[in-house]
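# Per-entry structural report
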Amino acid sequence: MKLSKSIENALSSAVRVLPEEVEKAIRKADKCETSRLGRVVLDNIVKNIDVSKETLLPLCQDTGMFWALVSIGKSARLNLALLESEIIAGCRAASKNAFYRKSVVKDPLFDRENTNTNLPVIINYELVEGSDISIKLLLKGFGSENCSSVRMLNPTQGEDDVIAAVCDIVSKAGGKPCPPIFLGVGIGGTMDKAALLSKKALLRSGSNSDKRYRELEEKIKDAVNRLNIGPGGLGGDNTCLGVAIESFPTHIAGLPVAVTVNCHAERRAEVVVLGGYDGQA
Amino acid sequence: MVRLNLPYSEDELLRVKAGDEVFIYGTLYVGRDQVHKRLYEAIAKGEKLPIELNGNGIYYMGPSPKVDGFALGAAGPTTSARMDPFSPTLLKHGLRVMVGKGPRSSEVLAAIKEYKGLYLQAFGGCGALYSSCIKKSEVVSYPELGPEALLRLEVEAMPCVCIADSNGNVLS
């Protein structure tokens, strides 16, 4: 199958069907929520998941902006220009054929004319060990993206200050990002690196390999869930269903902390190309 | 659980209380950012509005493309706060029911109390579910706005929660 077709197929599914662990977390929250209205919201979110699976209706009318992380194995076969054009073609086709809303405008400030394709795709590349290429995509909705933020903490601040900064960002967001939310947290690097890490964290599958950060993820989740924002912002135990942290070395003078807020519909897709991609079959 | 038929009868509207789980039936207009700006400007200029506000409700929504077998694509609520600058004026000119998601400004809450309106919260991120509640959709005005055009819907058992009621009670 052509790479663009594999990407189109993955995106056509991602807009309607949540990753298994996301759906599982939502169903679990629905069973244990103690607030009356919180449960009403979660019941409806579960119904929505079922309707979307059984029909061709997207989970949410905001089908998001495409954000891609392409991890290229250092010994992978590679024609980068062809790889990029396949990614773009896959996103373009999914937008057209899988009932995506056209939500991207050409100029952010002046005229804001719709591109009518959901393009461009925001593509980030990184080199990794190995010989495969992994293309991970987020469908990033903007109700939640508008609540994302970066804080530049002082280097003498610690874990509790990081937790407080995340809680402050989530508090300010309140019911706006469609809670229960998922949080990607980037710690370290520069301002932009921390922001990138916060998106990369959302795309992570499996648990954090660093014990200290794994524990911090739980602490942040618990602290956020004590805020009583609740499902739909109507109060309750389930404000946040998951936190993922990515970290990076930083400067002696700083401690950047970036938070990407994602709604309960955490839609993502992944396509792996074994051995790399040079356009040859 | 409370049933609200639109266009509403006065009694029915006054009966809905903050905290109630509400199911909407009947005619519901759809307008978001640009529609609000245009209605607001039309009122300021004294022009005739493309819809009758009296007796009606507005749903803040911009659907994804139509899917076969449904009146629209995904059709969940968008953030209400962006309509806050315009809502008090619309309430003053007869609008009584607003459906969206998230909190409202103190000005909007005061206007809801003054004009005995209702603010209902639909469930964010539930676009497929809401599409299945919409039986009919037609463009009433501003077709050039695409997914932001002013629509008239026929809805059945559309679920939401009352956040602010006509007595000035607000769910907090």
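Predicted model only: the values in this text are computed from it and were never measured.

Right, let's get into unusual backbone geometry. Most peptide bonds take the trans configuration, and most residues that are not glycine carry a negative phi. Put simply, P179(A) and P180(A) share a cis peptide bond, and its omega is 10 degrees. On the secondary structure map, P180(A) appears in the loop between α6 (159-173) and β6 (181-189). Here the amide bond leading from L6(B) into P7(B) is cis, since omega sits at -5 degrees, within 30 degrees of zero. When you line up the elements, P7(B) lands in the loop between β1 (2-6) and α1 (10-15). One non-glycine residue, K116(B), adopts positive backbone phi at about 55 degrees. The residue K116(B) is located in the loop between α4 (106-114) and β5 (118-121) in this model. By relative accessible area, which is 36% here, K116(B) ends up partly exposed.

This part covers the interface of chain A and chain B. Residue-level contacts link 26 residues of chain A with 34 residues of chain B. Roughly 2,300 Å² is buried in total at the junction of chain A and chain B, and carbon and sulfur atoms are behind 68% of that figure. When the area that chain A buries against chain B is broken down by residue, the three leading residues are L57(A), Q61(A) and R101(A), summing to 25%. At the surface where chain A touches chain B, the tally comes to 0 salt bridges. For the pair chain A and chain B, the interface holds 13 residue pairs in polar contact (both at pLDDT 80 or more). Residue classes in the side of chain A that touches chain B are distributed as 14 nonpolar, 7 polar and 5 charged.

Take the domain arrangement of chain A next. All names here are of chain A. Under the domain assignment, chain A is made up of domain 1 (3-9 + 60-141 + 268-277) and domain 2 (142-262). In this complex, domain 1 contributes 12 residues to the contact, which on the side of domain 2 involves 13 residues. When domain 1 packs against domain 2, the two sides together hide about 1,100 Å² of surface, and 64% of this comes from carbon and sulfur. It is W67, L138 and K140 in domain 1 that bury the most area against domain 2; as a group they hold 46% of the surface buried on that side. Applying the counting criterion to the domain 1 and domain 2 interface returns 2 salt bridges. Along the contact surface separating domain 1 from domain 2 lie 7 residue pairs in polar contact (both at pLDDT 80 or more).

So, on to a nonpolar patch on the surface. Together, L78(A), L80(A) and Y125(A) make up an exposed nonpolar region whose accessible area comes to about 240 Å². A residue is classified by how much of its surface remains accessible, and Y125(A), at 32% relative accessible area, is partly exposed.

This paragraph deals with the UniProt feature "domain: Fe-S hydro-lyase tartrate dehydratase alpha-type catalytic" (unreviewed entry) in chain A. Sequence positions flagged by UniProt for "domain: Fe-S hydro-lyase tartrate dehydratase alpha-type catalytic" (unreviewed entry) are, in local numbering, residues 5-271 of chain A. In residues 5-271 of chain A, helix accounts for 40% and strand for 24%; the two terminal C-alpha atoms are 11 Å from one another.

What follows deals with the environment of R3(B). Residues and elements named next belong to chain B. Checked against the element boundaries, R3 lands in strand β1. For R3 and E21, which are 18 residues apart along the polypeptide, the C-alpha to C-alpha distance reads 8.7 Å. A polar contact is formed between the side chain of R3 and the side chain of N5, at a distance of 3.3 Å.

Right, let's get into helix α8 (residues 211-225) of chain A. Residues and elements named next belong to chain A. Its 15 residues give α8 an end-to-end C-alpha distance of 21 Å, which sits within 8% of 21 Å, the value for a rise of 1.5 Å per residue. L216, E217, I220, A223, V224 and N225 are the residues of α8 that are buried. Among the structural elements, α6, β6 and β7 (240-250) are those in contact with the buried residues of α8. Where α8 starts, the residue carrying a side-chain oxygen 2.9 Å from the main-chain nitrogen of R212 turns out to be D210.

All right, on to the side chain of T239(A) then. Residue and element names in this part refer to chain A. The topology assignment puts T239 in the loop between α8 and β7. A distance of 2.9 Å separates the side chain of T239 from the backbone nitrogen of G230, its partner in a polar contact. Aside from chain neighbours lying at most four places away, what touches T239 is V170, P179, P180, I181, V224, N225, N228, I229 and G230.

Cut-off values and rules
- Residues numbered from 1 in each chain as written.
- Chains lettered and ligands numbered in written order.
- Predicted model: local features only at pLDDT ≥ 70, side-chain atom pairs only at ≥ 80, totals over all residues.
- Heavy atoms only, no water.
- Helix = DSSP H or I, 4+ residues; strand = E, 2+ residues; numbered from the N terminus.
- Buried < 20%, exposed > 50% of the residue type's maximum accessible area, 1.4 Å probe, protein only.
- Contact = heavy atoms within 4.5 Å.
- Buried area = accessible area lost by both parts, 1.4 Å probe.
- Salt bridge = Lys/Arg side-chain N within 4 Å of Asp/Glu carboxyl O.
- Polar contact = N/O pair within 3.5 Å; in protein donor to acceptor, adjacent residues only side chain to side chain.
- Nonpolar A, V, L, I, M, F, W, Y, C, P; charged D, E, K, R; others polar.
- Domains from an automatic or database assignment.
- Patch = residues over 30% accessible without salt bridge, like charges linked within 9 Å, V, L, I, M, F, W, Y side chains within 5 Å.
- Areas by Shrake-Rupley, 256 points an atom, 1.4 Å probe, with all protein chains shown as cover.
- UniProt positions renumbered as here; feature names shortened; annotations may be inferred.
- Expected span 1.5 Å × (residues − 1).

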